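What follows is the residue order along each chain.
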Amino acid sequence: MLTFEEKQTIIESFPELSRKDVSMKRVNYHYAASKFDKTVVVQHLHPNGNAFIYVADVPGYEPDSRGLVNVREASEAELRKTIEDAIAGLAEEKTETEPVEEVWLDGHNSKLELKEELGAWNIYHGLNLEDSFGDYQEAVDYLREEGFKKVEDGGIVR
């Protein structure tokens, strides 16, 4: 695990981030050029080495409900990549995207469809609503628990 000082050195190597000391010797780092109200990239870097990075809506991450991932155990390369991705996520204007629709199959070739609709993640069996979840990960966990695997582009089941 990187020390507080090592993490601080890595974070401060990003000139676009500005430091702000907060309570209990913790430090936040802001991205002033953010296209959103949210400017904090690194939240609560603590002397014990713990810290969080804001990656909401950044593909490839599974953030908590606040959009944060913990980087306490991150290597230097992982920390740098996560910060780069977080900055890129705050630097890009979000465009309206097509709703997500995925196909899931089980071992008996039963097919369910996972669709994002009005902020909910709905699972359909044909035209019938099977279940509805508040976030994508909850829906995926349910599908996996039920023995379903996602069909990727090209028909590959994962």
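Higher on the page you've got the structure.
Residues numbered from 1 in each chain as written. Predicted model: local features only at pLDDT ≥ 70, side-chain atom pairs only at ≥ 80, totals over all residues. Heavy atoms only, no water.

## A short note on a negative patch on the surface
Phase 1 of the analysis: A cluster of acidic side chains, namely Glu62, Glu130, Asp135, Glu138, Asp141, Glu145 and Glu146, defines a negative patch on the protein surface.
Phase 2 of the analysis: When residues in the negative patch are grouped by element, the largest group, three residues, is from helix 3 (residues 136–145).
Phase 3 of the analysis: Of note, glutamate 145 is situated in helix 3.
Phase 4 of the analysis: Assessed through its relative accessible area of 67%, glutamate 145 is described here as exposed. (Patch = residues over 30% accessible without salt bridge, like charges linked within 9 Å, V, L, I, M, F, W, Y side chains within 5 Å. Areas by Shrake-Rupley, 256 points an atom, 1.4 Å probe, with all protein chains shown as cover. Salt bridge = Lys/Arg side-chain N within 4 Å of Asp/Glu carboxyl O. Lys, Arg positive; Asp, Glu negative; His and termini not counted. Charge placed at Lys NZ, Arg CZ, Asp CG, Glu CD. Helix = DSSP H or I, 4+ residues; strand = E, 2+ residues; numbered from the N terminus. Buried < 20%, exposed > 50% of the residue type's maximum accessible area, 1.4 Å probe, protein only.)

## Quick word on the nonpolar core
Looking at soluble globular proteins, one finds that nonpolar side chains tend to be buried together.
Phase 1 of the analysis: One finds Leu17, Val41, Val42, Leu45, Ile53, Leu79 and Ile83 to be the most contacted residues of the largest nonpolar core, which totals 28 residues.
Phase 2 of the analysis: At the level of elements, helix 1 (4–12), strand 2 (27–31), strand 3 (40–45), strand 4 (52–54), strand 5 (68–70) and helix 2 (76–91) are the ones that each hand at least two residues to this core.
Phase 3 of the analysis: The leading source of residues in this core is helix 2, at five residues.
Phase 4 of the analysis: Residues within four places of valine 42 in sequence aside, it is in contact with Ile11, Val27, Asn28, Tyr29, Ala51, Phe52, Ile53 and Ile83. (Core = buried A, V, L, I, M, F, W, Y, C linked by side-chain atoms within 4.5 Å. Contact = heavy atoms within 4.5 Å.)

## What to know about the side chain of aspartate 85
Phase 1 of the analysis: Note on placement: aspartate 85 falls in helix 2.
Phase 2 of the analysis: According to the relative accessible area criterion, aspartate 85 is buried, its value standing at 18%.
Phase 3 of the analysis: Here aspartate 85 is in contact with Val58 and Tyr61, once residues within four sequence places are set aside.

## Some thoughts on the packing of aromatic side chains
Phase 1 of the analysis: What the rule picks out here adds up to two aromatic pairs.
Phase 2 of the analysis: Ring geometry for tryptophan 121 versus tyrosine 136: centroids 4.9 Å apart, planes at 70°, classification edge-to-face. One end of the pair, tryptophan 121, is in strand 8 (residues 120–125); the other, tyrosine 136, is in helix 3, and 15 residues separate them in sequence.
Phase 3 of the analysis: Judged by centre distance (5.3 Å) and plane angle (40°), the ring pair of phenylalanine 133 and tyrosine 142 falls under tilted. (Phe/Tyr/Trp six-rings, centres within 6.5 Å; stacked < 30°, edge-to-face > 60°.)

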